[in-house]
Amino acid sequence: MKNKRTSILIIYTGGTIGMIKNKEGVLLPFNFDNLLNFIPLIDEFDADIESVSFEKPIDSSNFNPGLWAKLVNIIGDNYEKFDGFVILTGSDTMAFTASALSFMFENLKKPIILTGSQLPIGLLRTDGRENIIAALELAALQKNNEPLIQEVCIYFENNLYRGNRTHKYNTENFDAFISPNYPILAKAGTNIEVFEDKIIKSKLDFLITHTNLCNEIAVVKFFPGIQVKTISAVFQTPDLKAVILETYGSGNAPTDTDIINVIKDNIKKGIIVLNLSQCQAGNVQQGKYATSLKLKEIGVISGKDMTTEAGITKMMYLLGQNLPNKKIEKLLGLSLRGELSDEESKY
Ligand code: ASP
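Residues numbered from 1 in each chain as written. Predicted model: local features only at pLDDT ≥ 70, side-chain atom pairs only at ≥ 80, totals over all residues. Heavy atoms only, no water.

Caption draft 1: Broad picture of the nonpolar core. Counting residues in hydrophobic clusters, the biggest one holds 54 residues, and the most contacted among them are Leu 101, Ile 112, Leu 114 and Met 315. For Met 315, the residues in contact, after removing those within four places along its chain, are Ile 217, Ala 242, Ile 244, Ile 272, Leu 274 and Leu 332. Grouped together as the second largest cluster of nonpolar side chains are 32 residues, Ile 42, Phe 45, Val 86 and Ile 149 included. (Core = buried A, V, L, I, M, F, W, Y, C linked by side-chain atoms within 4.5 Å. Buried < 20%, exposed > 50% of the residue type's maximum accessible area, 1.4 Å probe, protein only. Contact = heavy atoms within 4.5 Å.)

Right under this line is the structure:
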């Protein structure tokens, strides 16, 4: 029996890849038909490709949970029809979008690959053309009649990353992303090499989509000199449900009693507090130093080796499920979509 041709849906949201400069030299998103005109060889690609575009393409700085839900609905509605999905979006919030989508799709069995570029596709030296073509090739890979890649990923400058492990670390380099705590899933050189043992395979076949995210959350980034009144003001935000502390090193924070008391009182009131490190690589280990022991004692949850992008979107996803706080706190420390390394740790 001849295998059917693979089919891929491209979803264009905006971002530099499709931008042009206006008279003042400012980059603005433009229309999708133009964008594909810049890749004439796309017609020779050995897969059926269809595309949809946001009616009004955006700079990814304008992404929000409502637009993530819109992406989930587009993919959910087309899930049976296509073998894979490539989302063209801006790199600025791509790590957030990839992380959010990873939680919003449960039991995913098809690839969702986000890509974009640092230079618009209309420029000679653009990185956009290679990024789109390689993302399509990766999304079209099949093994035993099923997609080889079955998770939400980012493809950028030769590397395929698990989306919820990424962080945009460079505003200028073509390789704008890092995945400090998880190895790459595939590498595109003269050949495409896929590291299959690193890819998640869902055992369950029925896709569940979640579009209800709760963004009643805040992030407090510690710096030497941060004032109690500032931290306290954040915790007084109306309707607040959770706070992410961006701490130093392996999860350390000032031991100032006033600061600790603000956090402690709010945890008692039902605010969930998650500890993520300002460091890009390594783990939060509450209790390793005296400066994190207090946080552990008052009920702050360790975010282990999650990125801030994964921690924020995981929190929005879990709060959106209307679960009891105890359950949310438990799930925050467990790997739901490969976003953290949850092997036993004494911390
Ligand atoms: N500002 C752009 C965006 O995120 C940057 C990019 O696409 O790389 O939409």
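We are not done yet, so read on.
Caption draft 2: Structural context of the side chain of Ser 60. With respect to the helices and strands, the residue Ser 60 is situated in the loop between strand S4 (48-58) and helix H2 (65-78). We classify Ser 60 as buried; its relative accessible area is 1%. The residues touching Ser 60, leaving out its near neighbours within four places in the chain, are Thr 89, Gly 90, Ser 91, Asp 92 and Thr 93. (Helix = DSSP H or I, 4+ residues; strand = E, 2+ residues; numbered from the N terminus.)

Caption draft 3: Spotlight on the layout of surface pockets. Taken as a whole, the largest pocket spans an internal volume of roughly 290 Å³. Along its surface, the largest pocket is lined by 19 residues, and Asn 107, Ile 200, Ser 202, Leu 336 and Arg 337 are the ones closest to its centre. Here the residues of the lining of the largest pocket sort into six nonpolar, eight polar and five charged. Considered as a void within the structure, the second largest pocket measures approximately 250 Å³ in volume. As for the second largest pocket, its lining consists of 18 residues, and the residues nearest its centre are His 167, Glu 246, Ser 277, Thr 308 and Glu 309. When the residues that make up the lining of the second largest pocket are grouped by side-chain class, the tally is five nonpolar, eight polar and five charged. (1 Å grid on protein atoms, 1.4 Å probe; cavity = no way out; pocket = protein on both sides within 12 Å on 5 of 7 lines; lining within 4 Å. Points joined across faces, edges and corners; volume = space filled by probe spheres on them. Nonpolar A, V, L, I, M, F, W, Y, C, P; charged D, E, K, R; others polar.)

By themselves, these figures tell us nothing about what the structure is for.
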